[in-house]
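Spelled out, the chains give:
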Number of protein chains: 2
Amino acid sequence: MLRTKRPSINDVARLAGVSKKTVSRIINNEPNVSEKMRRKVQSAIDECSYTPNSQARGLSLSRSFLVSIVYDNPNASYVMEAMYGALDYCRSQGYELIMHPCDFSSPTAIDDLMTFIGQSKIDGVILLQPISDSAELASRLKEAGCNFVRLLSTRCEDEANMIYHNDGIAVNQIVAHLAERGHRQIAHIRGPLNSQSANQRHAEFLLAMEKQSLVVAEHHVVLGDYTFRSGIDSAESLLASNSPPSAIFASNDEMAIGAIVAAQRMGIKIPTGLAVVGFDDSPHASRMWPALTTVNLRVKEMTQLAAQKLIAQCKGNNSAAADVPCEVKPIFIQRQTTDIPSTTPK
Amino acid sequence: MLRTKRPSINDVARLAGVSKKTVSRIINNEPNVSEKMRRKVQSAIDECSYTPNSQARGLSLSRSFLVSIVYDNPNASYVMEAMYGALDYCRSQGYELIMHPCDFSSPTAIDDLMTFIGQSKIDGVILLQPISDSAELASRLKEAGCNFVRLLSTRCEDEANMIYHNDGIAVNQIVAHLAERGHRQIAHIRGPLNSQSANQRHAEFLLAMEKQSLVVAEHHVVLGDYTFRSGIDSAESLLASNSPPSAIFASNDEMAIGAIVAAQRMGIKIPTGLAVVGFDDSPHASRMWPALTTVNLRVKEMTQLAAQKLIAQCKGNNSAAADVPCEVKPIFIQRQTTDIPSTTPK
DNA sequence: CTGAAAGCGCTTACAG
DNA sequence: CTGAAAGCGCTTACAG
């Protein structure tokens, strides 16, 4: 271990011929420092390329400068995108980011999380879907005084603690897009009943169909659980019925891809025999043939905003936290699985 | 912020009626403590559910209890698997894990990394492919006294600092599998020239073909760059030739999937018109139709071993680090893209 | 505007 | 086997 010892605040103070308190003032941008002093200290800092030890800072301030993304979600690309969104902003503010996957179905999940937060001295957490839906977790965090931001699919009252994606807009675009291509029998593979996003997208689907004056056949709404497998099963039952749909809107890409695989196995051509739309824009979606029409949630932008909100909170600046925008509009992405010429050519 | 203050070593000492040094001895499992003392202190620890503050420990020991996974790899599922492998072991040893993506093509990449490691006081790093290939990075780390473990595709001399996957075994299985199904014209889409894994797989492919007494036509080895796009392009050129192959072995799944999309667009049926094999076992591979025959690298197991090696190093136990196994054998996974009945039925 | 003192929660010497 | 002192690199609260 030859790691050369990094300079401390004392080294800088000695070099500049001032007290360490003065150095502390400069590195924290405190007011009431003479310009002359500032320059002198700054040049000493530069000379020995000093950077404050955040461990020591944390110890005095009883903060850790650690924030965490907490989630229970098998979707690797979603999680990575979320991470990338938060990472840069966190680093720029001197915070490090800790990923914390967990099993939220465990009965001790919330207690375990609170223990983790206590032991690691985490300053704040970003909650990804679906655990961000949990009102209980949110209130436990609030009660423990732990800063947090939730990623939600419906607006909640607490603007300082949430970012939400407005799926309604995207679902409307999907239905309009399909209707425009002549589809009247549009089925929906919805996500699980305990998922806010699934419920939200389902509700918006019904509204959008009504807006297009289209009737939703009762057997055309099928319950999935966001897995590939459930997409296969749901599509098989839809396509085997007496009045199969001509288009399927699945509540996520996994199920949409399952639906496509099911159709292909049955010899149904996509998109001529069946149009399919997903939701997520997973990497998969653009790497299959035909490529999947879907919706990009802009997860990266969401967690970037979430990190801004969170760190504002950590700094005790709650009004700044509330001022960070909290709505992100998803983007509809048209690809080949719905690529039939519009019936109303322009 | 109502966060109740956590008990410190002083609280425990007071409660147990001993000095804090004694408490320190117990929590660090030091020898030379009377059994009676140990019990008394332990019950005080339990009573106030004390856990040591690793920030303070780190400050005295000039350690951070932070390790990092450093990588430049767009493959989200690879990175997540790597993370999951390391995470549990790190936590169990009181270390937190920081993900550090970087752009290794930048001319300042190595300097930036060294700065990151210095500033964050990272105790050690796990290097994922392909940046783990860099001998320069390895020597810079060694010189700076930073612990590290590299994930490699070929064995290197330094057993304490590497984990490697033995691709040769898997490539042999692939070629034998294809040969057994009657394929004689087997093409290879190799990865980029600066990638050790690509070079390794290419070399092993040639050896395996020879072992099967199969000739590799020169135009049947095509250079890709591990991207989906290059898989499409490579396959298009292979399939448009006068003597197209009946099977393609691509050096990763991304390119294999590109090859399949290219074939499907040209109206070639998989696997009857063309067999395809990938390498990686990405989530994608099992979610397409037909599903992709590929190789699972057991990334999770590799980073779990890597974490063991790394933390042994961090604790100054270099012989323990060298004792952790450093070879992982990939698993061949047969799916539908090669699903033609064997010509030699048993 | 600047600084000397005390403390954050742990550790490593060093006594006894 | 146990403990009192000093220190890790920062901070806050208080003087001047």
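Residues numbered from 1 in each chain as written. Chains lettered and ligands numbered in written order. Predicted model: local features only at pLDDT ≥ 70, side-chain atom pairs only at ≥ 80, totals over all residues. Heavy atoms only, no water.

Regarding the overall build of chain A
Next up, step 1: The helix and strand inventory of chain A stands at 13 helices and 12 strands.
Next up, step 2: The principal-axis extent of the C-alpha atoms belonging to chain A is close to 85 × 50 × 45 Å.
Next up, step 3: Residues counted as buried form 53% of the 346 residues belonging to chain A.
Next up, step 4: Summarising the internal contacts of chain A: among those between residues at least 6 apart in sequence, 71% fall at separations of at least 24.
Next up, step 5: Just so you have it, chain A exposes about 15,000 Å², and 51% of that area is on carbon and sulfur atoms. (Helix = DSSP H or I, 4+ residues; strand = E, 2+ residues; numbered from the N terminus. Buried < 20%, exposed > 50% of the residue type's maximum accessible area, 1.4 Å probe, protein only. Contact = heavy atoms within 4.5 Å. Areas by Shrake-Rupley, 256 points an atom, 1.4 Å probe, with all protein chains shown as cover.)

A short note on the pattern of salt bridges
All names here are of chain A.
Next up, step 1: Counted according to the given criterion, the structure contains 32 salt bridges over all chains.
Next up, step 2: One salt bridge in this structure joins Asp 281 and Arg 335, with 3.0 Å as the shortest N-O distance. With a gap of 54 residues between them, Asp 281 in the loop between strand E9 (275-277) and strand E10 (294-296) and Arg 335 in the segment after strand E12 (331-333) connect regions that are remote in the sequence. The exposure classification of Asp 281 matches that of Arg 335, with both residues buried.
Next up, step 3: The network of salt bridges with common partners includes Arg 155, Glu 159, Glu 327 and Lys 329. (Salt bridge = Lys/Arg side-chain N within 4 Å of Asp/Glu carboxyl O.)

Comments concerning the sheet that holds strand E8 (residues 247-250) of chain B
Residues and elements named next belong to chain B.
Next up, step 1: Across the sheet, four strands lie side by side as E7-E6-E8-E9; this open sheet has parallel pairing. Edge strands, defined here as strands with exactly one partner in the open sheet, are strand E7 (221-223) and strand E9 (275-277). For this sheet the average axis-to-axis angle between neighbouring strands, irrespective of direction, equals 20 degrees.
Next up, step 2: Judged from the four bridges that link them, strand E6 (residues 186-190) and E8 form a sheet pairing that is parallel. The residue of E8 that forms the bridge with Ala 187 is Ile 248.
Next up, step 3: Relative to E6, helix H9 (residues 196-211) is tilted by about 165 degrees, and along the sheet it contacts E6, E7 and E8. (Pairing = 2+ DSSP bridges. Axes fitted to C-alpha atoms, helices over the stretch in contact; angles between N-to-C directions.)

Things to note about the interface of chain A and chain B
Next up, step 1: Across the contact, 52 residues belong to chain A and 51 residues belong to chain B.
Next up, step 2: Carbon and sulfur atoms supply 57% of the area buried between chain A and chain B, which totals about 4,200 Å² over both sides.
Next up, step 3: There are two salt bridges connecting chain A and chain B.
Next up, step 4: The partner of Arg 287 of chain B in a salt bridge is Glu 254 of chain A, with the nearest N and O atoms 2.8 Å apart.
Next up, step 5: Counting across the interface, chain A meets chain B through 13 residue pairs in polar contact (both at pLDDT 80 or more).
Next up, step 6: For the side of chain A that touches chain B, the secondary-structure elements that each account for two or more residues are helix H4 (54-61), helix H5 (76-92), strand E2 (96-101), helix H6 (109-120), helix H7 (135-144) and helix H11 (253-265) of chain A.
Next up, step 7: If you tally residues by element for the side of chain A that touches chain B, the top one is H5 of chain A, at eight residues.
Next up, step 8: Looking at the side of chain A that touches chain B residue by residue, the class counts come to 24 nonpolar, 17 polar and 11 charged. (Buried area = accessible area lost by both parts, 1.4 Å probe. Polar contact = N/O pair within 3.5 Å; in protein donor to acceptor, adjacent residues only side chain to side chain. Nonpolar A, V, L, I, M, F, W, Y, C, P; charged D, E, K, R; others polar.)

So, the domain arrangement of chain A
Next up, step 1: One can read the domain layout of chain A as domain 1 (9-51), domain 2 (61-165 + 298-330) and domain 3 (167-297).
Next up, step 2: Computed over C-alpha atoms, the centres of domain 1 of chain A and domain 3 of chain A are 61 Å apart. (Domains from an automatic or database assignment.)

Side note on the packing of helix H6 (residues 109-120) of chain B against helix H7 (residues 135-144) of chain B
All names here are of chain B.
Next up, step 1: At a minimum axis separation of 11 Å, H6 and H7 run at an interaxial angle of 30 degrees. By the angle class used here, H6 and H7 are roughly parallel. As for how H6 packs across H7, the hand of that crossing is right-handed. Listed contacts from H7 to Ile 110, Asp 111, Leu 113, Met 114 and Ile 117 of H6 are Glu 136, Leu 137, Arg 140, Leu 141 and Ala 144. (Parallel < 35°, antiparallel > 145°, perpendicular 65-115°, else oblique. Left-handed = near helix turned anticlockwise from the far one by under 90°.)

Topic: the packing of aromatic side chains
Next up, step 1: Counting across every chain of the model gives six aromatic pairs over all chains.
Next up, step 2: Centre to centre, the rings of Phe 249 of chain A and Phe 279 of chain A are 6.2 Å apart; their planes meet at 45 degrees, and the pair counts as tilted. With Phe 249 of chain A in strand E8 (residues 247-250) and Phe 279 of chain A in the loop between E9 and E10, the pair connects residues that are 30 residues apart, well separated along the chain.
Next up, step 3: Residue classification places Phe 249 of chain A among the buried positions, given a relative accessible area of 0%.
Next up, step 4: With centroids separated by 5.4 Å and ring planes inclined at 65 degrees, the aromatic side chains of Phe 65 of chain B and Tyr 95 of chain B adopt a geometry described as edge-to-face. Of the two residues, Phe 65 of chain B sits in the loop between helix H4 (54-61) and strand E1 (66-71) while Tyr 95 of chain B sits in the loop between helix H5 (76-92) and strand E2 (96-101), which places them 30 residues apart along the sequence. (Phe/Tyr/Trp six-rings, centres within 6.5 Å; stacked < 30°, edge-to-face > 60°.)

Describing the relation of the copies chain A and chain B
Next up, step 1: Of the transformation superimposing chain A on chain B, the axial component is 0.0 Å and the angular component is 180 degrees, with the fit at an RMSD of 0.0 Å. The superposition of one copy onto the other is thereby described by a two-fold rotation axis.
Next up, step 2: By residue overlap, the copies meet face to face through one surface: 98% of the interface positions of chain A are interface positions in chain B. (Least-squares fit on C-alpha atoms with pLDDT ≥ 70 in both.)

Some remarks on the protein's contact with DNA strand C
Next up, step 1: Surrounding DNA strand C, one finds 27 residues, the nearest of these being Thr 22 of chain A together with Ile 9, Lys 21, Ser 24 and Asn 28 of chain B.
Next up, step 2: For DNA strand C, the fraction of atoms within 4 Å of the protein that belong to sugar or phosphate moieties is 66%.
Next up, step 3: In the environment of DNA strand C, a phosphate oxygen lies 2.9 Å from a nitrogen or oxygen atom belonging to the side chain of Ser 34 of chain A.
Next up, step 4: One nitrogen or oxygen atom from the main chain of Asn 53 of chain B is found 2.7 Å from a phosphate oxygen belonging to DNA strand C.
Next up, step 5: Mapped onto the surface near DNA strand C, the elements with two or more residues apiece are helix H2 (20-27) and H4 of chain A together with helix H2 (20-27) and H4 of chain B.
Next up, step 6: Here the surface near DNA strand C gets five residues from one element, more than from any other, and that element is H4 of chain B.
Next up, step 7: Looking at the surface near DNA strand C residue by residue, the classes come out as 10 nonpolar, 11 polar and six charged. (Near = heavy atom within 4 Å.)

What to know about helix H1 (residues 9-16) of chain B
Residues and elements named next belong to chain B.
Next up, step 1: All buried positions along H1 are accounted for by Val 12, Ala 13 and Ala 16. All buried residues of H1 project into a common sector of 100 degrees when viewed along the axis, lining one side.
Next up, step 2: If you check the start of H1, you find a side-chain oxygen 3.1 Å away from the backbone N of Asn 10, and it comes from Ser 8.
Next up, step 3: Gly 17 lies just past H1 and shows a positive phi near 70 degrees. (Arc of directions from axis to C-beta.)

Side note on the packing of helix H8 (residues 167-180) of chain B against H9 of chain B
All names here are of chain B.
Next up, step 1: Where H8 contacts H9, the two axes come as close as 9 Å, and the packing angle between them is 45 degrees. Here H8 lies oblique to H9, going by the angle between them. Both H8 and H9 take part in a crossing whose hand is right-handed. In this structure, H8 uses Asp 167, Gly 168, Val 171, Asn 172 and Val 175 to contact H9, whose residues at the interface are Gln 200, Arg 201, Glu 204, Phe 205, Ala 208, Met 209 and Lys 211.
Next up, step 2: Tallied by class, residues from the contact of H8 with H9 come to five nonpolar, three polar and four charged.

Details of the nonpolar core
Next up, step 1: Core analysis: the biggest nonpolar cluster contains 99 residues, and Met 99 and Ile 126 of chain A together with Met 99 and Ile 126 of chain B have the highest contact counts within it.
Next up, step 2: Apart from residues lying up to four places away in sequence, Met 99 of chain A is in contact with Ser 68, Ile 69, Tyr 71, Val 79 and Met 83 of chain A together with Met 83, Leu 87, Arg 91 and Met 99 of chain B.
Next up, step 3: Met 255, Ala 256, Leu 274 and Val 276 of chain A belong to the second largest nonpolar core, which has 26 residues in total. (Core = buried A, V, L, I, M, F, W, Y, C linked by side-chain atoms within 4.5 Å.)

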